[in-house]
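Breakdown of the fold
Here's the letter readout for the chains.
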Amino acid sequence: MAHRITWLETGHSFQADGEEAVLSAARRSDVPFAYDCRSGGCGTCRVRIVEGSVRYDDELPMGLSEEEAAAGQALLCQARACSDLVVSADPPDLGAPPQRLLALVQSVEPLCGDVTRLCLELPVEPDFRFRPGQYMNVHLPDGGHRSFSMASCPDGANVDFHIRRIPGGRFTDGDLTQLQAGDALEVELPLGSFCLHPQDYRPIVMLATGTGLAPLKSMLDSLKGDEDCPPIHLYWGARTEADLYLDAEIRSWGAGLYEFHYVPVLSRAGADWQGRRGHVQQAVIEDLADQLGDCAFYLCGSPAMIADAKTTLVEHGADAAFFYSDSFLFQREIVDLVTTG
Ligand SMILES: Cc1cc2nc3c(=O)[nH]c(=O)nc-3n(C[C@H](O)[C@H](O)[C@H](O)COP(=O)(O)OP(=O)(O)OC[C@H]3O[C@@H](n4cnc5c(N)ncnc54)[C@H](O)[C@@H]3O)c2cc1C
């Protein structure tokens, strides 16, 4: 049965069959909702249901917690309309449109045992801009692609990436290990809608695991010297001290930010470690229990951390409407989710 879907902010209106994902119907009608993975993992197509109801084929998609669904949020790439709907979402402002380019490798250097810093020079106009938090796709000769988030602030043609080696990975354990300065890499950017939401006017709590730090670093770089910068807490999770590949540098960031608290958290710390142990979400709850309802949360890295953090932080008083996240899924997992979803 067909239902009418109306986008509150833009007035777009279109028909969706009750059996198809609302996003599929929107794309057919050229309605420009933001989306990325189309597999329910990234949360980019999140909306608030103002009127009507939706269902999902199986359980809730990975990028939507029970609490978020209960608060009226939905992921359009997986949601099926059960009735006419009115949905609310800010129209996407994704900065520059994505371009497919041949980038020049500037440098490839180790940051720690399994993380590489890749610096690319892009053949773009001097005013080329991406939004801190966005990512690029590296296109592989076999037609596939791999996603990596920009780790630096938009500034001219050079861009940094932090890339973790995945044992057996086609790119991170293969092509990347052969790359040298001067090599060309086919890339597409900027992509994604993970970005700062300054209109929230809330203290920011950032949670990262591993190289999930990369897009948060880009955001933090962009906030340095900003007079309207809110207080920021950064919780960075890793296994061991050796994995905290930017620890010393991060400790200096407070100088450029209005109020900055940095807490590294190790899950497999050695006996000498004097800092926090466990998981980032637990450390946030221990430190900020009485303020969670006032904060905005930016989460990036392992899908398991993101899913667990959303659930437990909301249980402890955080507002599900102020969660922004980017899950570092493997490309294979995204393909699996799209084909089975
Ligand atoms: C939006 C986004 C941004 C990201 N940003 C970053 C970033 O900034 N930094 C970062 O480090 N990572 C990032 N990631 C994660 C990164 O994209 C993945 O780690 C990357 O795709 C791995 O590519 P690979 O070619 O090395 O591994 P792949 O070849 O994709 O393999 C990954 C793993 O799966 C196994 N595998 C592959 N195919 C199969 C199969 N058919 N069956 C079973 N196992 C299989 C491999 O052996 C390996 O262990 C991001 C992901 C997303 C979605």
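Please refer to the structure higher up on the page.
Below, the structure is looked at part by part. Please read all numbers here as calculations on a predicted model, not as lab measurements. (Residues numbered from 1 in each chain as written. Predicted model: local features only at pLDDT ≥ 70, side-chain atom pairs only at ≥ 80, totals over all residues.)

This part is about the sheet that holds strand 2 (residues 13–17). Read from one edge to the other, the open sheet built from five strands follows the order 2-1-7-3-5, with strand pairing classed as mixed. Strands with a single pairing partner mark the edges of an open sheet, and in this sheet they are strand 2 and strand 5 (73–75). The sheet shows a mean angle of 40° between the axes of neighbouring strands, direction not considered. Pairing between strand 3 (residues 46–51) and strand 5: three bridges, direction antiparallel. Looking across to strand 5, one finds that Arg 48 is bridged to Gln 73. (Pairing = 2+ DSSP bridges. Helix = DSSP H or I, 4+ residues; strand = E, 2+ residues; numbered from the N terminus. Axes fitted to C-alpha atoms, helices over the stretch in contact; angles between N-to-C directions.)

With seven of seven residues buried, strand 15 (residues 232–238) lies mostly within the body of the structure. Side chains Ile 232, Leu 234, Trp 236 and Ala 238 project from strand 15 onto one buried face, and the interleaved His 233, Tyr 235 and Gly 237 project onto a second face that is buried too. As paired elements, strand 14 (residues 204–209) and strand 15 share six bridges and run parallel to each other. Residue pairing for strand 15: Leu 207 is matched across the bridge by Tyr 235. With helix 4 (residues 213–223) bridging strand 14 and the parallel strand 15, this β-α-β connection has right-handed handedness. Where strand 15 and strand 16 (residues 260–266) come together, seven bridges link them in parallel fashion. In the sheet register, His 233 faces strand 16, and the bridge partner there is His 261. (Buried ≥ 20, exposed ≤ 12 C-beta atoms within 10 Å, placed from the backbone. Right-handed = clockwise from strand over helix to strand, strands pointing away.)

Let us look at the packing of helix 6 (residues 280–288) against helix 7 (residues 303–315). At their nearest, the axes of helix 6 and helix 7 sit 9 Å apart, and the two run at 25° to each other. In terms of orientation, helix 6 and helix 7 fall into the roughly parallel class. Remark: the crossing between helix 6 and helix 7 carries right-handed chirality. Side by side, helix 6 and helix 7 meet where Val 280, Gln 281, Val 284 and Ile 285 of the first sit next to Met 305, Asp 308, Ala 309, Thr 312 and Leu 313 of the second. Among the residues making up the contact of helix 6 with helix 7, the classes are represented as six nonpolar, two polar and one charged. (Parallel < 35°, antiparallel > 145°, perpendicular 65-115°, else oblique. Left-handed = near helix turned anticlockwise from the far one by under 90°. Contact = placed C-beta atoms within 7 Å. Nonpolar A, V, L, I, M, F, W, Y, C, P; charged D, E, K, R; others polar.)

Peptide bonds are, in most cases, trans, and in most cases residues other than glycine have a negative phi. Looking along the chain, the bond that leaves Leu 189 and enters Pro 190 is cis, with omega of -5°. Relative to the helices and strands, Pro 190 resides in strand 13 (residues 184–191). The residue Asp 30 is not glycine, and still its phi comes out positive at about 60°. With respect to the element layout, Asp 30 can be found in the loop between helix 1 (22–28) and strand 3. Taking the number of C-beta atoms within 10 Å as the measure of exposure, Asp 30 has 8 and is therefore exposed. Phi is positive for Tyr 201, which is not a glycine, with a value near 50°.

Shape is all these values report; function is a separate question.
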